[in-house]
Amino acid sequence: MAKPKAGRRTLDSYTVKHMNKSIRAGECVLMRPSDPSKSSYVARIDRIEADSRGANVKVHIRWYYRPEESIGGRRQFHGSKEVFLSDHYDVQSADTIEGKCTVHSFKSYTKLDAVGNEDFFCRFEYNSATGAFNPDRVAVYCKCEMPYNPDDLMVQCEGCSDWFHPTCIDMTVEEARRLDHFFCENCSAEGQTKLQNSHSSSRHSDTKVDTKRRRR
Ligand SMILES: [Zn+2]
Ligand SMILES: [Zn+2]
């Protein structure tokens, strides 16, 4: 990282006047794109620097890339609020900051009660020269073996704990939402209904489940 130029100093925090909010190193911000038709850029502030009079404030940032800005483009499992922490560092005028935002870990993002405009999540680091991701593998789920897209509803099998997309198990999203219990094809006794309701299982299927359990 570049050392501050002579006469310039690092600020602990800085109040961006047009948004009347203070920013600090380590926080994430939205920055105005040069092309106004594009969505705001997401960046993490590494350092805030000003001249000796405290003016001409610059932010040293590390860009987050949106999936469509990556070499591989947006994939089906990428969430709408997903960003990649890139190795692309930059220095920008603090005036281009439009607002603050939060880049959550994948886990904490999936636990949010409501996702606001300023909420994003990051599960990959991205090498902007090679297009490589770190980690280069993530857990995959369902019959389609896709990584989890937090925008998509999935149902969990009570047998194997794998998660499934409603469409991959011939179910509508509405049907999936109404499920009390779910066992996938592999875990439900052959021919038995996928929708196991605690009260609807017959004597017959109880026996079957028992047999299966004993055999294990
Ligand atoms: Zn699937
Ligand atoms: Zn299962």
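For the structure given in this document, a descriptive report is provided here. (Residues numbered from 1 in each chain as written. Chains lettered and ligands numbered in written order. Predicted model: local features only at pLDDT ≥ 70, side-chain atom pairs only at ≥ 80, totals over all residues. Heavy atoms only, no water.)

## Observations concerning the packing of aromatic side chains
Right, on to step 1. Scanning the model with the defined rule gives 11 aromatic pairs in all.
Right, on to step 2. A ring pair is formed by Phe-84 and Phe-124, whose centres lie 6.1 Å apart and whose planes are at 70°; its orientation type is edge-to-face. Of this pair, Phe-84 sits in strand β7 (residues 84-93) while Phe-124 sits in the loop between β9 (119-122) and β10 (125-126); the two residues are 40 residues apart in sequence, bridging distant segments of the chain. The two residues Phe-84 and Phe-124 agree in class, both being buried.
Right, on to step 3. Between the aromatic rings of Tyr-126 and Phe-133, the centroid separation amounts to 5.2 Å while the plane-to-plane angle is 45°, which identifies the pairing as tilted. (Phe/Tyr/Trp six-rings, centres within 6.5 Å; stacked < 30°, edge-to-face > 60°. Helix = DSSP H or I, 4+ residues; strand = E, 2+ residues; numbered from the N terminus. Buried < 20%, exposed > 50% of the residue type's maximum accessible area, 1.4 Å probe, protein only.)

## So, the coordination of the zinc ion (ligand 2)
Right, on to step 1. Within the first shell, the zinc ion (ligand 2) binds the protein through Cys-157 (SG), Cys-160 (SG), Cys-184 (SG) and Cys-187 (SG), at distances of 2.3 Å.
Right, on to step 2. Coordination geometry of the zinc ion (ligand 2): the four donor atoms subtend angles of 104 to 116° at the metal centre, consistent with an arrangement described as tetrahedral.
Right, on to step 3. Each donor residue of the zinc ion (ligand 2) belongs to the same chain, and together they define the spacing C-x2-C-x23-C-x2-C. With Cys-157 in the loop between β12 (155-156) and β13 (163-164) and Cys-184 in the loop between α2 (173-178) and α3 (203-215), this residue pair connects regions lying 27 residues apart in the sequence. Like Cys-184, Cys-157 is buried. (Donors = N, O, S within 2.8 Å, 3.2 Å for Na, K, Ca; no water. Tetrahedral: all angles 85-135°; square planar, octahedral: opposite > 155°, others 65-115°.)

## Some words on the pattern of salt bridges
Two side chains carrying opposite charge are able to pair once their charged atoms lie near each other.
Right, on to step 1. Taken as a whole, this structure holds nine salt bridges when the rule is applied.
Right, on to step 2. Across the pair Glu-68 and Arg-74 runs a salt bridge, and its minimum N-O distance is 2.8 Å.
Right, on to step 3. Judged by its relative accessible area of 38%, Arg-74 falls in the partly exposed class.
Right, on to step 4. Where Glu-185 meets Lys-143, a salt bridge forms, and the shortest distance between an N and an O atom there is 3.1 Å. Within this pair, whereas Glu-185 is found in the loop between α2 and α3, its partner Lys-143 is found in the loop between β11 (133-134) and β12, the two being separated by 42 residues in sequence.
Right, on to step 5. Relative accessible area serves as the criterion here: at 53%, Glu-185 is assigned to the exposed category.
Right, on to step 6. The class for Lys-143 is partly exposed, based on a relative accessible area of 48%. (Salt bridge = Lys/Arg side-chain N within 4 Å of Asp/Glu carboxyl O.)

## Side note on the side chain of Arg-66
Right, on to step 1. Within the element layout of this structure, Arg-66 appears in the loop between β6 (58-65) and β7.
Right, on to step 2. The charged side chain of Arg-66 is buried without a salt bridge, its nearest counter-charge being Glu-69 at 4.7 Å.
Right, on to step 3. Setting aside anything within four residues of it in sequence, one finds Arg-66 in contact with Ser-39, Ser-40, Val-42, Glu-82, Val-83, Phe-84 and Phe-120. (Lys, Arg positive; Asp, Glu negative; His and termini not counted. Contact = heavy atoms within 4.5 Å.)

## Side note on the coordination of the zinc ion (ligand 1)
Right, on to step 1. Taken together, Cys-142 (SG), Cys-144 (SG), His-165 (ND1) and Cys-168 (SG) make up the protein donors of the zinc ion (ligand 1), found 2.1 to 2.4 Å from the metal.
Right, on to step 2. Considering all four donor atoms around the zinc ion (ligand 1), the spread of angles at the metal, 99 to 117°, places the coordination shape in the tetrahedral class.
Right, on to step 3. The sequence motif formed by the donor residues of the zinc ion (ligand 1) is C-x1-C-x20-H-x2-C.
Right, on to step 4. A relative accessible area of 24% means that Cys-168 is categorised as partly exposed.

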